[in-house]
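Below are the chains, spelled out letter by letter.
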Amino acid sequence: MEENHKVIIVEGSSDKRKVQNILNEPVEIICTNGTIGLSRLDELIESLFHKDVYILVDADDSGEKLRKQFKREFPEASHLYIDKMYREVATAPEKHLATVLLGANIDVHAEFLEKG
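Residues numbered from 1 in each chain as written. Predicted model: local features only at pLDDT ≥ 70, side-chain atom pairs only at ≥ 80, totals over all residues. Heavy atoms only, no water.

Peer 1: Mind laying out the overall build of the chain, listing which residues take part and the relevant values?
Peer 2: Secondary structure summary: the chain contains 5 helices and 4 strands in total. Ordered by position in the sequence, the α and β elements of the chain form the string β-α-β-α-β-α-β-α-α. Here the C-alpha atoms of the chain give a radius of gyration of 14 Å, agreeing with the 13 Å that 2.2 N^0.38 yields for 116 residues. Projected onto the principal axes, the alpha-carbon positions of the chain cover approximately 45 × 40 × 20 Å. (Helix = DSSP H or I, 4+ residues; strand = E, 2+ residues; numbered from the N terminus. Rg over C-alpha atoms; globule rule 2.2 N^0.38 Å.)

Next comes the structure, spelled out in structure tokens:
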């Protein structure tokens, strides 16, 4: 049986770079580049079938909008939340993101967990 493929959906390329650095396992990261049209979303959902999908978006209005869209169109996805005080995935401390990812059983580089 093929290994479960994990996918993290983020908003922008800076989020993608940030998350990529922390990960310690092969995870596909998809950028939506903000809100996403329904046809593009349908295409995306089709390609994500049978994969473990995690939504990691900013704690702001556009992030919430995107999250609602995914909850409606793709209820199987797991939602990861950053602390509202950081607002953006790209500016959240790596240690915080690593903890969030680890909480979803996504392997991260240990050094991000050790830094104070």
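Peer 1: Got a sec to walk through the side chain of His-96? Specific residues and values, please.
Peer 2: Topologically, His-96 is positioned in helix H4 (residues 94-103). Taking relative accessible area as the criterion, His-96 reaches 19% and is therefore assigned buried. In this structure, His-96 is in contact with Ile-82, Asp-83 and Tyr-86, ignoring residues within four places of it in sequence. (Buried < 20%, exposed > 50% of the residue type's maximum accessible area, 1.4 Å probe, protein only. Contact = heavy atoms within 4.5 Å.)

Peer 1: Which residues make up the nonpolar core, and what values do they have?
Peer 2: The biggest cluster of nonpolar side chains holds 23 residues, and the ones touching the most others in it are Ile-8, Val-19, Leu-23, Leu-56, Leu-80, Leu-101 and Ile-106. Of all the elements in the fold, those that place two or more residues in this core are strand E1 (6-10), helix H1 (13-22), strand E2 (28-31), strand E3 (52-56) and H4. The residues contacting Ile-8, other than those within four sequence positions of it, are Val-19, Leu-23, Val-27, Glu-28, Ile-29, Ile-30, Tyr-54, Leu-56, Leu-101 and Ile-106. Grouped together as the second largest cluster of nonpolar side chains are 15 residues, Ile-30, Leu-44, Val-53 and Leu-66 included. (Core = buried A, V, L, I, M, F, W, Y, C linked by side-chain atoms within 4.5 Å.)

Peer 1: Could you give me a rundown of the packing of aromatic side chains, with the residues and numbers involved?
Peer 2: Scanning the model with the defined rule gives 0 aromatic pairs in all. The ring of Tyr-81 has Arg-67 sitting right over it, with the charged end atom 3.9 Å from the ring centre. (Phe/Tyr/Trp six-rings, centres within 6.5 Å; stacked < 30°, edge-to-face > 60°. Lys NZ or Arg CZ within 6 Å of the ring centre and 35° of its normal.)

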